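# Commentary on secondary and tertiary structure
Spelled out, the chains give:
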Amino acid sequence: MTGSRVVALGHYQPAKVLTNDDLAAMVDTSDEWITSRVGIKTRHVGGPDEPVDEMAAHAGAKALAAAGLQPSDIDMVLVATSTAIDRSPSMSARVAARLGMGSPAVMDINVVCSGFTHALATADHAIRAEAATRVLVIGADKMADIADWTDRTTCVLLGDGAGAAVVVADSGTTDRPGIGPVLWGSVPEMGNAVRIEGTPPRFAQEGQSVYRWATTQLPPIARKVCEKAGIAPEDLAAVVLHQANLRIIEPVAKKIGAVNAIIARDVVDSGNTSAASIPMALSKLVERGEIESGAPVLLFGFGGNLSYAGQVIRCP
């Protein structure tokens, strides 16, 4: 059975930056209040002429260029998003059209904040089943469209962006797969703790419930991800968690036991970008040369639906 690997990454963020001071002029908050509670300093916000599929296509084009591939080389496009307002055409179909692809399989995956790691596992499975050979996997969300800009507890969290990965069949020349086995699941009875509901849709969450779940229940699951991959946490080169909140990222990373790993903290500059957060943070680490090619990296998404999915990959 053929495995798969990530060969290239790309990311995109809108040019407009919203600072904590900007938010303080909109709602009853302050830079100190936001920084002390969630660790976020800035976030990027797209305009009305910057839809989800455009951001996704920009990130995808950068990943394809980094991989040395043409759009026509891709036979499957997976877009993880929860902010696609229109039902059809899907974001993946729109991205394929924007990039001028041939006739790829197209599929959107909505698992909110853990969408990218679910989509990455789906790409890996498709390649292993010989249903695809080269897959463009994108996480893209425009959280500004669903933010309640009068609610200081949620609007301070959210940002817009996209991250992409090119996944191809693994040659099998190394002793470990380029993308390790996924461990995924959910807590259905607590699914309402994170919501995007209504007309127009608005983001809401039970912050304390999510915080307690993430910091207590997720670390042992993340350690099991490493166990499935045959990697000890202390041997990880980097840990890229969903960029939800710095007060969640830091304790969860510590409890995993990845004492020698770089911990992605892109949330400080980008806010919570939902499905975009993991590929965007990883792309930036790779772009800055902070992780060696081939080094083991834990990707672990969690959040909406109180769902989670994680895998260890080899850095492209």
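Located above this text is the structure these notes cover.
Criteria and cut-off values
- Residues numbered from 1 in each chain as written.
- Predicted model: local features only at pLDDT ≥ 70, side-chain atom pairs only at ≥ 80, totals over all residues.
- Heavy atoms only, no water.
- Helix = DSSP H or I, 4+ residues; strand = E, 2+ residues; numbered from the N terminus.
- Buried < 20%, exposed > 50% of the residue type's maximum accessible area, 1.4 Å probe, protein only.
- Contact = heavy atoms within 4.5 Å.
- Pairing = 2+ DSSP bridges.
- Axes fitted to C-alpha atoms, helices over the stretch in contact; angles between N-to-C directions.
- Core = buried A, V, L, I, M, F, W, Y, C linked by side-chain atoms within 4.5 Å.
- Left-handed = near helix turned anticlockwise from the far one by under 90°.
- Nonpolar A, V, L, I, M, F, W, Y, C, P; charged D, E, K, R; others polar.
- Salt bridge = Lys/Arg side-chain N within 4 Å of Asp/Glu carboxyl O.

## Comments concerning the overall build of the protein
- Looking only at helices and strands, the protein has ten helices and 14 strands in total.
- Viewed in the frame of its principal axes, the protein has a C-alpha envelope of about 55 × 45 × 40 Å.
- Out of the 316 residues in the protein, the part that is buried amounts to 56%.
- Put simply, of all contacts in the protein between residues at least 6 apart along the chain, 76% involve residues at least 24 apart.

## Structural notes on the sheet that holds strand E5 (residues 105-109)
- A sheet is described by the order of its strands in space; here five strands give the open sequence E1-E7-E6-E4-E5, paired in mixed fashion. A strand with exactly one partner marks an edge of an open sheet, and here the two such strands are strand E1 (4-12) and E5. Direction aside, neighbouring strands of the sheet carry axes that sit 15° apart on average.
- Here strand E4 (residues 76-80) pairs with strand E6 (residues 134-142) via five bridges, running parallel. Its bridge partner being in E6, Leu 78 is matched across the sheet by Val 137.
- Across the sheet, helix H3 (residues 52-67) is in contact with E1, E6 and strand E7 (160-169); its angle to E1 comes to roughly 130°.
- Contacts from helix H5 (residues 115-128) reach E1, E4, E5, E6 and E7, with the element oriented near 165° to E6.

## A few points about the nonpolar core
- Counting 50 residues, the largest nonpolar core has Leu 236, Leu 241, Leu 298, Phe 300 and Phe 302 as its most contacted members.
- Looking at this core, the elements with two or more residues in it are helix H2 (31-38), helix H7 (207-229), strand E11 (238-241), helix H8 (246-256), strand E13 (296-303) and strand E14 (307-314).
- Looking at this core element by element, the count peaks at nine residues for H7.
- Here Phe 300 is in contact with Thr 117, Leu 218, Ile 221, Ala 222, Val 225, Val 240, Leu 241, His 242, Ile 278, Tyr 308, Ala 309 and Gly 310, once residues within four sequence places are set aside.
- Core analysis: the second largest hydrophobic core is formed by 33 residues, Leu 78, Ala 119, Val 135 and Leu 299 among them.

## Thoughts on the packing of H7 against H8
- Here H7 crosses H8 at 30°, and the two axes come no closer than 9 Å. With respect to the hand of their crossing, H7 and H8 are arranged in right-handed fashion. Contact residues: H7 offers Tyr 211, Ala 214, Thr 215, Pro 219, Ala 222 and Arg 223, while H8 offers Arg 247, Ile 248, Pro 251, Val 252, Lys 255 and Ile 256.
- When its residues are assigned to classes, the contact of H7 with H8 shows eight nonpolar, one polar and three charged.

## Here's the deal with the pattern of salt bridges
- If you walk through the whole model with that rule in mind, you get ten salt bridges.
- Put simply, Asp 124 and Arg 128 hold a salt bridge, and the shortest N to O gap is 3.1 Å. Taken together, the residues span about one helical turn, with Asp 124 and Arg 128 both in helix H5 at a distance of four residues.
- Note on Asp 124: relative accessible area 3%, which makes it buried.
- For Arg 128, a relative accessible area of 26% corresponds to the partly exposed category.

## Things to note about unusual backbone geometry
- With omega at 0°, the peptide bond leading from Ser 88 into Pro 89 counts as cis.
- Among the structural elements, Pro 89 can be located in the loop between E4 and helix H4 (91-99).
- Look at the link from Thr 199 to Pro 200: it is a cis peptide, with omega at -5°.
- Tracing the backbone through its elements, the reader meets Pro 200 in the loop between strand E9 (194-197) and strand E10 (202-205).
- With a phi close to 55°, Ser 274 is a non-glycine residue in the positive phi region.
- Mapping Ser 274 onto the fold places it in the loop between helix H9 (267-270) and helix H10 (277-287).
- A relative accessible area of 1% places Ser 274 in the buried class.
- In this structure, Leu 306 takes a positive phi of about 45° despite not being glycine.
- Looking at the secondary structure, you find Leu 306 in the loop between E13 and E14.
- For Leu 306, a relative accessible area of 0% corresponds to the buried category.

## Quick word on the sheet that holds strand E8 (residues 183-186)
- One open sheet accounts for five strands, arranged E8-E14-E13-E11-E12; its pairing is mixed. Edge strands, defined here as strands with exactly one partner in the open sheet, are E8 and strand E12 (262-263).
- Judged from the two bridges that link them, E11 and E12 form a sheet pairing that is parallel. Residue pairing across strands places Val 239 opposite Ile 263, the latter belonging to E12.
- Along the sheet, H5 contacts E8, E13 and E14; its crossing angle with E14, the most-contacted strand, is approximately 55°.

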